[in-house]
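# Descriptive analysis of the structure
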Amino acid sequence: MILVTGATGNIGSALLKELHARGVGPLRGLTRDAARAVFPQGVEAVEGDFAEPASLKPALKGVRSLFLVPRPGSDADILEAARQAGVEHVVLVSSITVQTHPHLGPAGENLAVERLLKETGMAWTILRPTQFASNALMWTASIRGRETVRAPYPETALPTIHPADVASVARVALTEPGHHERTYALTGPEPITARQQVAVIAAVLGREVPFAEISRRQAYAQMVAVFGAEAADAVLDVTGGDVNPELLMVRDTVSQVTGTPARPFRQWVSENADAFRRVARA
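The notes below deal with the structure included here. Predicted model only: the values in this text are computed from it and were never measured.

Broken down by element type, the chain carries 14 helices and nine strands. Taken over the C-alpha trace, the chain has a radius of gyration of 19 Å; the compact-globule value for 282 residues is 19 Å, and the two agree within 12%. The C-alpha extent of the chain, read off along each of the three principal axes, is 50 × 40 × 40 Å. Across the 282 residues of the chain, 50% fall into the buried class. In the chain, of all internal contacts separated by at least 6 residues, the share reaching a separation of at least 24 is 73%. If you average the places of the 28 positive and of the 29 negative side-chain charges in the chain, the two averages end up 5 Å apart.

For the rest of this paragraph, the subject is the packing of helix H5 (residues 105–119) against helix H10 (residues 229–239). Packing of H5 against H10 brings their axes to within 8 Å, and their N-to-C directions diverge by 100°. As the angle between them shows, H5 and H10 are arranged roughly perpendicular. Contacts between H5 and H10 involve Gly-105, Pro-106 and Glu-109 from the former and Glu-230, Ala-231 and Ala-234 from the latter. Across the contact of H5 with H10, the residue classes tally to three nonpolar, one polar and two charged.

This brings us to the layout of surface pockets. Looking at the second largest pocket, its volume works out to about 260 Å³. Lining the second largest pocket are 13 residues, with Asn-10, Ser-13, Ala-14, His-162 and Asn-272 positioned closest to its centre. Contributing elements (two or more residues each) for the lining of the second largest pocket: helix H1 (10–21), helix H7 (163–175) and helix H13 (265–271). Here the lining of the second largest pocket gets four residues from one element, more than from any other, and that element is H1. By residue class, the composition of the lining of the second largest pocket is five nonpolar, six polar and two charged.

Residues spaced three or four apart along an α-helix point in a common direction, a consequence of the helix completing one turn every 3.6 residues. Compared with an ideal rise of 1.5 Å per residue, which puts 13 residues at 18 Å, H7 spans 19 Å between its outermost C-alpha atoms and is within 8% of the ideal. Within H7, twelve of the 13 residues are buried, leaving the element largely enclosed by the surrounding structure. Three or more residues of H7 are buried, namely Pro-163, Ala-164, Asp-165, Val-166, Ala-167, Ser-168, Val-169, Ala-170, Arg-171, Val-172, Ala-173 and Leu-174.

Glancing now at the nonpolar core. With 30 residues, the main nonpolar core has Val-4, Leu-15, Phe-67, Leu-127 and Leu-186 as its most contacted residues. Mapped onto this core, the elements with two or more residues apiece are strand E1 (2–4), H1, strand E5 (89–93), H7, strand E8 (182–186) and helix H12 (253–258). The element that contributes the greatest number of residues to this core is H7, accounting for eight residues. Apart from the residues lying within four places of it in its own chain, the contact partners of Leu-15 are Val-4, Phe-67, Ala-167, Ala-170, Arg-171 and Leu-174. Membership of the second largest hydrophobic core comes to 23 residues, among which are Met-1, Val-46, Leu-117 and Met-122.

Inspection of the entire model under this criterion finds 13 salt bridges. Where Glu-18 meets Arg-171, a salt bridge forms, and the shortest distance between an N and an O atom there is 3.0 Å. A residue pair is termed long-range when its members are at least 10 positions apart, and Glu-18 in helix H1 and Arg-171 in helix H7 qualify at 153 residues. Each member of the pair Glu-18 and Arg-171 is classed as buried. With a closest N to O distance of 3.3 Å, Arg-251 and Glu-246 form a salt bridge.

Let's shift gears to the packing of helix H9 (residues 216–227) against H10. Contact pair H9 / H10: the axes reach a minimum separation of 8 Å and the direction vectors enclose 135°. On the basis of their axis angle, the class for H9 and H10 is oblique. The crossing of H9 and H10 is right-handed. In this structure, H9 uses Arg-216, Ala-219, Tyr-220, Met-223, Val-224 and Phe-227 to contact H10, whose residues at the interface are Ala-229, Ala-231, Ala-232, Asp-233, Val-235, Leu-236 and Asp-237.

Among the residues of helix H3 (residues 75–84), those classed as buried are Asp-75, Ile-78, Leu-79, Ala-81 and Ala-82. The buried side chains of H3 occupy one side of the element, clustering within an arc of 155° when seen end-on. Along its buried surface, H3 packs onto helix H2 (57–60), strand E4 (65–68) and H5.

This next bit is on the sheet that holds E5. Here we have seven strands laid out as an open sheet, ordered E3-E2-E1-E4-E5-E6-E8, and parallel in their pairing. Every interior strand has two partners, whereas the edge strands, strand E3 (44–47) and E8, have only one. Mean inter-strand twist for the sheet, computed between neighbouring axes without regard to direction, equals 20°. The pairing of strand E2 (residues 27–31) with E3 spans four bridges and is classified as parallel. Considered in E3, the bridge of Gly-29 is made with Ala-45.

Definitions and cut-offs
The numbers attached to residues start from 1 for each chain and follow its sequence in the written order. Given that the model is predicted, a residue must reach a pLDDT of at least 70 before its local features are reported, and side-chain atom pairs must reach 80 or more before they are shown or counted; all residues, however, enter totals for whole chains, interfaces and linings. Note: side-chain values were computed over all heavy atoms of the structure, leaving out hydrogens and water. Secondary structure elements are taken from DSSP: a helix is a run of H or I of four residues or more, a strand is a run of E of two residues or more, and numbering for both begins at the N terminus. The atom set for the radius of gyration is the C-alpha atoms, and the globule formula is 2.2 Å times the number of residues raised to the power 0.38. With a 1.4 Å probe rolled over the protein chains alone, any residue whose accessible area is under 20% of its type maximum counts as buried; one over 50% counts as exposed, and the rest are partly exposed. By definition in these notes, contact holds between two residues if any of their heavy atoms fall within 4.5 Å. Charge counting follows a simple rule: Lys and Arg are positive, Asp and Glu are negative, and His as well as the terminal groups are ignored. Every charge is mapped to an atom, namely NZ of Lys, CZ of Arg, CG of Asp or CD of Glu. Axis lines are fitted through C-alpha atoms, for helices just across the contact stretch, and the angle between N-to-C directions can take any value from 0 to 180 degrees. Here roughly perpendicular refers to angles of 65 to 115 degrees, roughly parallel to angles under 35, roughly antiparallel to angles over 145, and oblique to all remaining angles. Residue classes follow a fixed rule: Ala, Val, Leu, Ile, Met, Phe, Trp, Tyr, Cys and Pro count as nonpolar, while Asp, Glu, Lys and Arg count as charged, and any other residue, Gly among them, counts as polar. In the cavity and pocket records, a cavity denotes points on a 1 Å grid over the protein atoms alone where a 1.4 Å probe fits but cannot get out, a pocket denotes an open set with protein on both sides within 12 Å along at least 5 of 7 lines, and lining residues are residues with an atom within 4 Å of a point. Grid points are joined across faces, edges and corners, and a volume is the space filled by probe spheres set on the points. Each residue after the first adds 1.5 Å to the expected span of a helix. Nine residue types can take part in a nonpolar core, namely buried Ala, Val, Leu, Ile, Met, Phe, Trp, Tyr and Cys, and a core is a set of them joined through side-chain atoms within 4.5 Å. Between Lys or Arg on one side and Asp or Glu on the other, a salt bridge is scored when a side-chain nitrogen of the former is within 4 Å of a carboxyl oxygen of the latter. The crossing is said to be left-handed when, going from far helix to near helix, the turn is anticlockwise and less than a right angle, and right-handed when the turn is clockwise. What the arc measures is the spread of directions leading from the helix axis to the C-beta atoms. For two strands to pair, DSSP has to find at least two bridges joining them.

What follows is the structure, given as structure tokens:
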């Protein structure tokens, strides 16, 4: 039995589809509302709330391997619940900022979860992805409204990763030998700036999408309401100013682990173009 947490999210949903398509099973997807979850046929939807680790006991029953997206609750309690349930192997989603920006709060939190996992005695695999292609969804309102997309640091080029590539690496780690006690830094196939991302979106949509640079202060004012002060500062520290060269590196980990090249940003946009075309209803 494999339990996938964050099963309705960008990575978890892609992971369930990959596992199911390859005949891996039995599979279980964790969600807060099983009645509303849409999973591949044969995937068991189970309810649980990370804020209440006791509620995870039924979901963890009989589970051999766990895919874990951390920090929606007490990570120590969640990992202990998994250990007590007899889980043998945990694939954990962390962040590449553990390597590149360990002084930042969110990176420190990710590192703390990594250490907690290693101390449980369960086998582990740690995934450290870079910036997600799906972060571009923050521009949907502007693009749908045919307004100018505004972003800071427009020339910082990061090797943005398709969430499905994180899922593909997780699938291999969960189902094939040789990945226990391994840490994988994951990136997309090429660096791409915010300005270039908007240009790709425009090309896929077949229309102009204006872009304008804004200051860090202006960006912070927009982001703090969504992410909170610490996370907003962290994102801006990562993408602006004196960027750690290690953050800009393109790694071939995805192809090395999965045997398939990492997906380019344009592929993610093509697969999610409707998100930029839909007009939000009042």
